[in-house]
Amino acid sequence: MKKIYLGLSIAALTLVLTACGGGKEAANNKTAPTTAPATTATAEKPADEANKAETRTIKYLDKEYTVPSKTERIAIVGSMESMEDSLVLNVKPVGAISVGGKFPEMFAPITGEAISIGEKIQPNLETILSLKPDVILGSSKFPPEMAEKLNKIAPTFPVSHISTNWEANLQLLGELTGKQAEAEKALNEYKSGIETAKAKLGDGIKDKKVLVIRLRQGNINIYPEKVFFNPALYADLGLTAPEEVKAAKAQEIISMEKFTQINPDYLFIQFSPDENKDKPNALEDLQSNPIWKSVNAVKNGNVYVNVVDPLAQGGTAWSKAQFLKAAVEKLSAK
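In this text, all values refer to a predicted model and were calculated from it rather than measured experimentally.

### Topic: the overall build of the chain
Right, so step 1: A tally of helices and strands in the chain yields 15 helices and 14 strands.
Right, so step 2: Burial analysis of the chain (334 residues in total) assigns 45% to the buried set.
Right, so step 3: Of all intrachain contacts in the chain linking residues separated by at least 6 positions in sequence, the fraction that spans at least 24 positions is 61%.
Right, so step 4: Here the chain has roughly 17100 Å² of accessible surface; of this, 52% comes from carbon and sulfur atoms.

In structure tokens:
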């Protein structure tokens, strides 16, 4: 009997998603109304339905998306980048990503009234559907089948996880929420902050090796020059990336031997217990390792742990601003 009920439940959800998808796809194929009869038809509908019947086009990363004229109900599904952008613009989504079954403390300012849609890579479609979102901010990491399911619920943007698209991501959220001015202000403030930071640092660390690592499952990870927090150091501040960072093609686990060969003068470590559940003492074990203690940054007291929240994505307006401020403070202290 339980199997019968489960089958009926799944079938029911599928029918709802399909029906919803048909409506959304039809809306997405509509062009802007140009005749009077369209206005008359809208007047006969409830206000919320009328708003969804009217559409607008938004261009994001060279692709156009058709969305309702008013996108007040935003669900963030899979895109931690959009969670951080929401902090910058003070956008409160109706649905947001949870981590380990709860909203991380860093997102408290925007998740007070939000409903959890599930984890980053395990969204709950039934919950998302119940929220009746106007638009969904998904992730470019999603497989095509997940993107298709989300698009049946509401127009879905595959928000980029690539650091170099951080400005476009913030501008997208600004356009969806009518906060374009706030987005541009945040971007301009960061850019002016870079010049201030460069002036403060001067040539003091010009020839020094500065490295950011992330501990995951007890392993030391480095990132390519244009990934994680690296753009803030090497592109924005103009520091020289170590050769090992330049050679990295993606997140790369390195051995202790390779780490000592890099031999950084300044070291920033990001460590989250959520990413090291099987090795909760990984950081302490690393710090007590005699080989670790031979590195210049360790010997000279230039190691900094979690200067920003360890869950920060690195390549977003919020991450970059927070990291730039903290990094400059540490790098200019000596």
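### A look at the layout of surface pockets
Right, so step 1: Of the voids in this model, the largest pocket is the one considered here, and its volume is about 820 Å³.
Right, so step 2: What lines the largest pocket is a set of 29 residues, among which K120, K141, R214, R216 and Q313 lie closest to the centre.
Right, so step 3: Of all elements in the fold, only α4 (80-89) and β10 (210-216) reach the threshold of two or more residues within the lining of the largest pocket.
Right, so step 4: Considering only residue class, the lining of the largest pocket consists of nine nonpolar, 11 polar and nine charged.

### Some remarks on the environment of L267
Right, so step 1: Checked against the element boundaries, L267 lands in strand β13 (residues 266-271).
Right, so step 2: When residues no more than four places from it in sequence are discounted, the contact partners of L267 are L211, I213, F259, W292, A297, N302, V303 and Y304.

### Considering helix α9 (residues 180-201)
Right, so step 1: Over its 22 residues, α9 extends 32 Å from the first C-alpha to the last, a length consistent with the 32 Å expected when each residue adds 1.5 Å.
Right, so step 2: All of the buried residues in α9 are A183, A186, L187, Y190, I194, A197 and L201. What you see down the axis of α9 is that its buried residues fit within an arc of 95°, all on one side. In α9, the exposed positions that point more than 90 degrees away from the buried face belong to A181, K185, T196, A199 and K200.
Right, so step 3: In the core, the buried residues of α9 are packed alongside α4, α8 (166-177), α10 (230-236) and α15 (317-331).
Right, so step 4: Remark: G202 follows α9 within two positions and exhibits a positive phi of approximately 60°.

### Side note on the pairing of strand β11 (residues 219-222)
Right, so step 1: For β10 and β11, the ladder comprises three bridges, and the chain directions are antiparallel. Opposite R214, over in β11, you have N221 as the bridge partner.
Right, so step 2: Remark: two residues form the turn of the hairpin made by β10 and β11, two consecutive strands paired antiparallel; Q217 in that turn has positive phi of roughly 50°.

### Some thoughts on the sheet that holds β10
Right, so step 1: On the basis of which strands lie adjacent, the open sheet formed by five strands has the order β12-β11-β10-β13-β14 and mixed pairing. Because the sheet does not close on itself, it has two edges, and the strands there are β12 (252-254) and β14 (303-305). Direction aside, neighbouring strands of the sheet carry axes that sit 35° apart on average.

### Regarding the pattern of salt bridges
Right, so step 1: Inspection of every chain in the model, using the stated rule, returns six salt bridges.
Right, so step 2: With its nearest N and O atoms 3.0 Å apart, the salt bridge here joins R214 to E275. Taken as a pair, R214 in strand β10 and E275 in the loop between β13 and α13 (282-287) lie far apart in primary sequence, 61 residues in all. Take R214 and E275: they sit in the same class, and that class is buried.
Right, so step 3: For the salt bridge of K246 with E243, the shortest nitrogen-to-oxygen distance reads 3.7 Å. One end of the pair is K246 and the other is E243, both in helix α11 (residues 243-247) and three residues apart, which spans about a single turn.
Right, so step 4: The exposure class assigned to E243 is exposed, which follows from its relative accessible area of 54%.
Right, so step 5: Beyond isolated ion pairs, a larger network of salt bridges with shared partners links R214, R216 and E275.

### A look at the packing of α9 against α15
Helix-helix packing is described using two parameters, namely the angle between the two axes and the distance between the axes.
Right, so step 1: Across the interface, α9 lies against α15 with an axial gap of 10 Å and an inter-helix angle of 10°. On the basis of their axis angle, the class for α9 and α15 is roughly parallel. On α15, the residues that touch Y190, G193, I194, A197, K200 and L201 of α9 are K320, A321, L324, V328 and L331.
Right, so step 2: Here the residues of the contact of α9 with α15 sort into eight nonpolar, one polar and two charged.

### What about empty space enclosed by the protein?
Right, so step 1: Inspection of every chain in the model, using the stated rule, returns one cavity of 30 Å³ or more.
Right, so step 2: Size it by volume and the largest cavity reaches roughly 40 Å³.
Right, so step 3: In this structure, the largest cavity is lined by S82, D85, L137, V159, N169, L172 and L173.
Right, so step 4: Of all the secondary-structure elements, those providing two or more residues to the lining of the largest cavity are α4 and α8.

### With respect to the side chain of S79
Right, so step 1: As for its position among the elements, S79 is in the loop between β3 (74-76) and α4.
Right, so step 2: Given the relative accessible area of 0%, S79 is considered buried.
Right, so step 3: Within the structure, the side chain of S79 is placed 2.9 Å from the side chain of S82, a separation counted as a polar contact.
Right, so step 4: Discounting residues that sit within four places of it in the chain, S79 has contacts with I97, L137, G138, S139 and V159.

### Focus: the confidence of the model for the chain
Right, so step 1: Across the chain, the average pLDDT comes to 87, with 84% of residues at or above 70.
Right, so step 2: Between residues 1-45, whose pLDDT stays under 50, and residues either more than four places distant or in other chains, the model counts 29 contacts.

Thresholds applied
- Residues numbered from 1 in each chain as written.
- Predicted model: local features only at pLDDT ≥ 70, side-chain atom pairs only at ≥ 80, totals over all residues.
- Heavy atoms only, no water.
- Helix = DSSP H or I, 4+ residues; strand = E, 2+ residues; numbered from the N terminus.
- Buried < 20%, exposed > 50% of the residue type's maximum accessible area, 1.4 Å probe, protein only.
- Contact = heavy atoms within 4.5 Å.
- Areas by Shrake-Rupley, 256 points an atom, 1.4 Å probe, with all protein chains shown as cover.
- 1 Å grid on protein atoms, 1.4 Å probe; cavity = no way out; pocket = protein on both sides within 12 Å on 5 of 7 lines; lining within 4 Å.
- Points joined across faces, edges and corners; volume = space filled by probe spheres on them.
- Nonpolar A, V, L, I, M, F, W, Y, C, P; charged D, E, K, R; others polar.
- Expected span 1.5 Å × (residues − 1).
- Arc of directions from axis to C-beta.
- Pairing = 2+ DSSP bridges.
- Axes fitted to C-alpha atoms, helices over the stretch in contact; angles between N-to-C directions.
- Salt bridge = Lys/Arg side-chain N within 4 Å of Asp/Glu carboxyl O.
- Parallel < 35°, antiparallel > 145°, perpendicular 65-115°, else oblique.
- Polar contact = N/O pair within 3.5 Å; in protein donor to acceptor, adjacent residues only side chain to side chain.
- pLDDT = per-residue confidence, 0-100.

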